[in-house]
Structures are given as structure tokens and as C-alpha cells.
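Each chain, written out:
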Amino acid sequence: MKKKLDLSTIMSMIHLVFFLSICCFGTMYLTASILAIPSLTAAFVIGKDVIFKRFDVHDGLVKRFFSELMANMRMMKYFPIQLLIFLQAAGIYASEKTGMTYLVYPMVACISFCAALIIFAAACRVFVETPMSITEIIITMLYRVQYFLIIWVLMILCIILFGTVMLEIFFFAGALLLMAVETVAFIDILAFKKASDKLTEEEMSCFGEDFLKSL
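Residues numbered from 1 in each chain as written. Predicted model: local features only at pLDDT ≥ 70, side-chain atom pairs only at ≥ 80, totals over all residues. Heavy atoms only, no water.

1. Describing the overall build of the protein
Thought 1: Across its full length, the protein holds 9 helices and 0 strands.
Thought 2: The principal-axis extent of the C-alpha atoms belonging to the protein is close to 60 × 35 × 30 Å.
Thought 3: Going through the 215 residues of the protein one by one, you find that 43% of them count as buried.
Thought 4: For the protein, long-range pairs separated by at least 24 residues make up 74% of all intrachain contacts whose partners lie at least 6 apart in sequence.
Thought 5: Across the protein, 17 positive and 17 negative side-chain charges occur, with their mean positions spaced 1 Å apart. (Helix = DSSP H or I, 4+ residues; strand = E, 2+ residues; numbered from the N terminus. Buried < 20%, exposed > 50% of the residue type's maximum accessible area, 1.4 Å probe, protein only. Contact = heavy atoms within 4.5 Å. Lys, Arg positive; Asp, Glu negative; His and termini not counted. Charge placed at Lys NZ, Arg CZ, Asp CG, Glu CD.)

Structure below.
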């Protein structure tokens, strides 16, 4: 029985990673990244079900993703942060063409910070019950700075390794990265909610006293 359960879990995770990757990154690629933030948020909503152990492979993942995508179109209010990423990327290209490669490093750091901020904005939208201002999101992001640094470094590595092969990997298995950064962001948010005495009953019952004490 245990082997059957394990096999079912593995198959469910393969299904989740494959189809969520195609939906999320496919939407990003087809819209030239314009819908990247709503797509990320929709993926995080599904990722929340995985974290809270209530994901059901039979729920219709593709339909759920696009339903959440439409429901989170308001996340486009953070598009100026994404626009800053585009401008910095253009700056990197210009710096390499003009031989001013020393400018690449601060711009990569800036892009990574902006990407981390977008990740935390999406995570706060999913895991925090009340809307948050950008200032509150930054405070939450830096509350446990080690978690921010993990995501920041991951974003730097993604930029450094960026290329055609990376795009293909993201298209078929990028949900693994999404769930990893979402989990890290969630732990940071959970620690902030604990300090603010804003933990929900579901969070307290799902993760237990010992885990919450360790935050």
C-alpha cells in the first residue's frame, strides 16, 4: 500500500511540475513576459495548495491556472518593477557592446533584487489575507534577511545561466524553481506573520507548534 501511495505521489508531482511549467512559462513566453507577474501569482496559488498538502491532481490544473491568472490580473500594478528589469537588461546588453562590462555586475544585482521583490509581492498576495503596500512587502521580505538572500542568489544564478537551454528547462520543469522560491518566501512571510500575531488557524494547525517556534 505504501508503494502505491508513493508512486501516486510521484506521478502527481510529475503532472504538477510538467503542466504548471507549460502553463506558467508558456504564458510568459507568448506574452513576451508582459503577463509574467499574474502568471507567477497564479502558479503560487497552486503552489500554496501543495504547501498546505491539499493539492488534488484531479482538480483540473490547466483550468485552475488560467482561472487564477485572470483573477490576479490586478498584480499588473507591479509592472513598473518588471519594466525596470527590462531597462536593466537593455543596459547589460549595451554595456557589453560598448566594452563597459564593469557596469554589468551592479545591473545584475539590481535585476535580481527586482525579481526577488516581484516574488515576494506575489507570495504576499497569496499568503497574506489583507492587501499590502510595497513598503510593507519590502519590510516582510527583509524581516528574515537570510531567506531574501537565498532567493536573491537564485535569481543571480538564473540570470548568469540564462540562455536557450535554460528557457527550455523552465518551459518543461520551471515549476520546480517556482515552488522552491515560493516555499522560501512563505517561510519568511510566516515568520513575519508570527511576529505580528497574524497567523491563521489553518497555518497553526497545518505546521504545528514546534515548527512555528523555530521561525
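Read on, since the account is not over.
2. Some details on the environment of L190
Thought 1: Following the sequence through the fold, L190 ends up in helix α8 (residues 164-195).
Thought 2: For the pair L190 and E203, spaced 13 residues apart in the sequence, the C-alpha separation amounts to 8.4 Å.

3. Brief notes about the packing of aromatic side chains
Thought 1: In this structure the tally under the stated criterion is 16 aromatic pairs.
Thought 2: Centroid distance F18 to F19: 5.1 Å. Interplanar angle 85°. Geometry classified as edge-to-face.
Thought 3: When its relative accessible area of 32% is taken as the criterion, F19 is described as partly exposed.
Thought 4: Seen in terms of ring centroids, F25 and F170 are 5.2 Å apart; in terms of plane orientation they differ by 20°. Their pairing is stacked. Taken together, the positions of F25 in helix α1 (residues 2-30) and F170 in helix α8 put the pair 145 residues apart, joining distant regions of the chain. Accessibility classification places F25 together with F170 in one group, the buried group. (Phe/Tyr/Trp six-rings, centres within 6.5 Å; stacked < 30°, edge-to-face > 60°.)

4. Considerations on the packing of helix α5 (residues 104-127) against helix α6 (residues 134-141)
Thought 1: Closest axis-to-axis distance for the α5/α6 pair is 10 Å, and the angle between their directions is 105°. Viewed along their axes, α5 and α6 adopt a mutual orientation that is roughly perpendicular. In contact with F113, A116, L117, F120, A121 and C124 of α5, α6 contributes I134, I137, I138, T140 and M141.
Thought 2: Residue classes in the contact of α5 with α6 are distributed as 10 nonpolar, 1 polar and no charged. (Axes fitted to C-alpha atoms, helices over the stretch in contact; angles between N-to-C directions. Parallel < 35°, antiparallel > 145°, perpendicular 65-115°, else oblique. Nonpolar A, V, L, I, M, F, W, Y, C, P; charged D, E, K, R; others polar.)

5. Considerations on a nonpolar patch on the surface
Thought 1: On the surface, a cluster of nonpolar side chains totalling about 410 Å² of accessible area is made up of F18, F19, V62, F66 and F172.
Thought 2: Elements with a minimum of two residues in the nonpolar patch: α1 and α3 (61-71).
Thought 3: Assignment of secondary structure puts F18 in helix α1. (Patch = residues over 30% accessible without salt bridge, like charges linked within 9 Å, V, L, I, M, F, W, Y side chains within 5 Å. Areas by Shrake-Rupley, 256 points an atom, 1.4 Å probe, with all protein chains shown as cover. Salt bridge = Lys/Arg side-chain N within 4 Å of Asp/Glu carboxyl O.)

6. Some thoughts on the packing of helix α2 (residues 36-51) against α8
Thought 1: Remark: α2 packs on α8, axes separated minimally by 10 Å, with the N-to-C direction vectors making an angle of 70°. Relative to α8, the element α2 lies roughly perpendicular. Judged by residue contacts, L40, A43, F44, G47, K48, V50 and I51 of α2 engage L178, M179, V181, E182, T183 and F186 from α8.
Thought 2: Per-class residue counts for the contact of α2 with α8 are 9 nonpolar, 2 polar and 2 charged.

7. Topic: the environment of V165
Thought 1: Tracing the backbone through its elements, the reader meets V165 in helix α8.
Thought 2: Expressed as a C-alpha distance, the spacing of V165 and G208, which sit 43 residues apart in the sequence, is 41 Å.

8. Side note on α5
Thought 1: With 24 residues, α5 extends 34 Å between its outermost C-alpha atoms, agreeing within 8% with the 34 Å of an ideal straight helix rising 1.5 Å per residue.
Thought 2: When you tally the buried positions in α5, you get 18 out of 24 residues, the bulk of the element. (Expected span 1.5 Å × (residues − 1).)

9. Brief notes about the side chain of Q82
Thought 1: Mapped onto the secondary structure, Q82 falls in helix α4 (residues 79-98).
Thought 2: For Q82, a relative accessible area of 4% translates into the label buried.
Thought 3: Not counting chain neighbours up to four residues away, the residues in contact with Q82 comprise S33, I34, A36, I37 and I118.

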